[in-house]
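Breakdown of the fold
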Amino acid sequence: MPTLHLAELTFANRPAQLPLLSRLADILAASPAVTHLLVRGSLAHGTADRLSDVDFVVGVQDADLPAFVGSLDDLMSVEAGALLPGWRDTIVADLGGVGMVFLVPDEGHLHQIDLYVVPASRVPSLRATVATAVLLDREPALAPAEGTAVAERFAVEFLSRPRTCAELLIEHLVLAVLLHKRIKRGQRFVAYSEWHRLHTATKDLIKTALVPASRFWGWYQLREEIALTPIGRACLGDLEAAIGGPAVPSAADVDAAVERTLALVERACPEAMKGLEDAVMAYRTYLEQM
């Protein structure tokens, strides 16, 4: 596919997110492990609106992939001002790496930042199939076979690792931002899909908090396993309220779901909020502005 360049995007579209994109690019490019920075999605296609996310592909020296991904939360929090730790993206297509989503305030708005981190050895094949704007293109070191194997094994293990209650809380908060965008754009089909994903995250949060060693897959035997204690019955009531709502939510429905989730966390796994209290307060303020 043809490669686009940042200068072309600037003159053709001048997206409002461009200053934030440039700032994030400088932050990411400062790492010697980073070999490529590519922009994809609506910013690469020139179709961005004021709600569009900033969507990076970050190429990293193969052997450095685990350490780089492990440092992303600190990097995005300290340098970029991300409100929350990154969400392990379960929506993005598999391009041979791992996806992380961060929520970054900028100019009074809360922006979704998608970082897809990929081993440098996979960048050529990715660029052949995905339209991208090139911000950085360094010559990577030759990737020894063991370095590539480390990167591939890490990606598989990273995506398969069970999520904690804190990670599932962050998933709720990120999905709520996505849903607000879908609703404003009138994207009812996508909103339906992400609303169901939010309900599934609520179910996963309850099971992780109360029956982490559940013998049953998915939605099976929830009442039999969970409704054995007052806390479990209250959590199932939250889940009943979630799935009893409309198939496609309104903005008020999404806000109510966030509040219900925060109350559920306080009841079932309050440790998940440790260190996130101020961030959640700021998040609520930004959500009211969306």
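Structural data are supplied above this passage.
Okay, so let's go over this structure. The residue count restarts for each chain, going from 1 along the sequence in the order it is written. Local features are withheld for residues below a pLDDT of 70 in this predicted model, meaning they are given only at 70 or higher, and side-chain atom pairs are given and counted only at 80 or more; totals for whole chains, interfaces and linings count all residues. Here the side-chain values reflect all heavy atoms present in the structure, with hydrogen atoms and water set aside.

**Observations regarding the overall build of the protein chain**
Definition in use: Numbering goes from the N terminus for both helices and strands, where a helix is a DSSP run of H or I of at least four residues and a strand is a run of E of at least two. By the convention used here, residues are in contact when the closest approach between their heavy atoms is within 4.5 Å. Only the protein chains shown count as covering a residue, and every accessible area follows the Shrake-Rupley method with a 1.4 Å probe. Only four residue types enter the charge count, namely Lys and Arg as positive and Asp and Glu as negative; His and the chain termini do not. Every charge is mapped to an atom, namely NZ of Lys, CZ of Arg, CG of Asp or CD of Glu.
In terms of regular secondary structure, the protein chain is built from twelve helices and seven strands. Projected onto its principal axes, the C-alpha positions of the protein chain cover 60 × 45 × 35 Å. Within the protein chain, contacts between residues at least 6 apart in sequence are counted, and of these 69% link residues at least 24 apart. By element, 57% of the accessible surface of the protein chain is carried by carbon and sulfur atoms, the whole surface being about 13,600 Å². Between the mean site of the 26 positive side-chain charges and the mean site of the 36 negative ones, the protein chain shows a separation of 5 Å.

**Considerations on the environment of L95**
Following the sequence through the fold, L95 ends up in the loop between β4 (87–88) and β5 (98–106). Residues within four places of L95 in sequence aside, it is in contact with R40, Y116, V118, R122 and L126.

**Observations concerning the packing of aromatic side chains**
In plain terms, the rule: Any two of the Phe, Tyr and Trp rings considered here, Trp counted by its six-membered ring, make a pair once their centres fall within 6.5 Å; the pair's planes then place it as stacked at under 30 degrees, edge-to-face at over 60, or tilted in between. Residue exposure (1.4 Å probe, protein chains only): buried if accessible area is under 20% of the type maximum, exposed if over 50%, otherwise partly exposed. The rule is short: NZ of Lys or CZ of Arg within 6 Å of the ring centre and within 35 degrees of the ring normal puts a charge over the ring.
With the rule as written, the count across this model stands at one aromatic pair. Their ring planes at 35° and their centres at 5.5 Å tell us that F154 and F158 sit as a pair that is tilted. Separated by four residues within a single helix, F154 and F158 lie in helix α6 (residues 145–160), roughly one turn from each other. Judged by relative accessible area, which is 17%, F154 ranks as buried. For F158, a relative accessible area of 10% puts it in the buried group. Cation over ring: R161 sits above F158, and NZ or CZ is 5.6 Å from the ring centre.

**Some thoughts on the packing of helix α8 (residues 188–210) against helix α10 (residues 230–243)**
Note the cut-off: Here the axes come from fitting lines to C-alpha atoms, over the contacting stretch only for helices, and the angles between their N-to-C directions go from 0 to 180 degrees. Roughly parallel refers to an angle under 35 degrees, roughly antiparallel to one over 145, roughly perpendicular to one between 65 and 115, and oblique to any angle outside these ranges. Only Asp, Glu, Lys and Arg are considered charged, only Ala, Val, Leu, Ile, Met, Phe, Trp, Tyr, Cys and Pro nonpolar, and every remaining residue, Gly among them, polar.
Where α8 meets α10, the axes come as close as 10 Å, and the angle between the chain directions of the two elements is 175°. One way to sum up the angle between α8 and α10 is to call them roughly antiparallel. On α10, the residues that touch H199, T202, K203, I206 and L210 of α8 are I231, G232, C235, L239, A242 and I243. When its residues are assigned to classes, the contact of α8 with α10 shows seven nonpolar, three polar and one charged.

**So, the environment of L51**
Mapped onto the fold, L51 is located in the loop between α3 (42–45) and β3 (54–60). Spatially, the C-alpha atom of L51 lies 9.3 Å from that of L110, the residues being 59 residues apart in sequence. Aside from chain neighbours lying at most four places away, what touches L51 is Q17, K181, K184 and R185.

**Overview of the side chain of T202**
Structurally, T202 can be placed in helix α8. Once residues within four sequence positions are removed from consideration, T202 is found in contact with H172, L239, T261 and L264.

**With respect to the pattern of salt bridges**
How we decide: A pairing counts as a salt bridge when a side-chain nitrogen of Lys or Arg comes within 4 Å of a carboxyl oxygen of Asp or Glu.
Scanning all chains against the criterion turns up twelve salt bridges. The partner of D204 in a salt bridge is K203, with the nearest N and O atoms 2.7 Å apart. Here D204 and K203 have matching classes, each one buried.

**Digging into helix α4 (residues 65–78)**
Which entries qualify depends on this criterion: Each residue after the first adds 1.5 Å to the expected span of a helix. We define the bend at any residue as the angle between the axes fitted to the seven residues before and including it, ending there, and the seven starting there.
With 14 residues, α4 extends 20 Å from end C-alpha to end C-alpha; this agrees with the ideal 20 Å at 1.5 Å per step. Of all the bends in α4, the greatest measures close to 40° and is centred on S71. Residues of α4 that are buried include every one of L65, F68, V69, L72, L75 and M76, and no others.

**Section: α6**
Taking 1.5 Å of rise per residue, 16 residues should cover 22 Å, and α6 covers 23 Å from first to last C-alpha, within 8% of that figure. Against α4, β4, β5 and β6 (109–119) lie the buried residues of α6.

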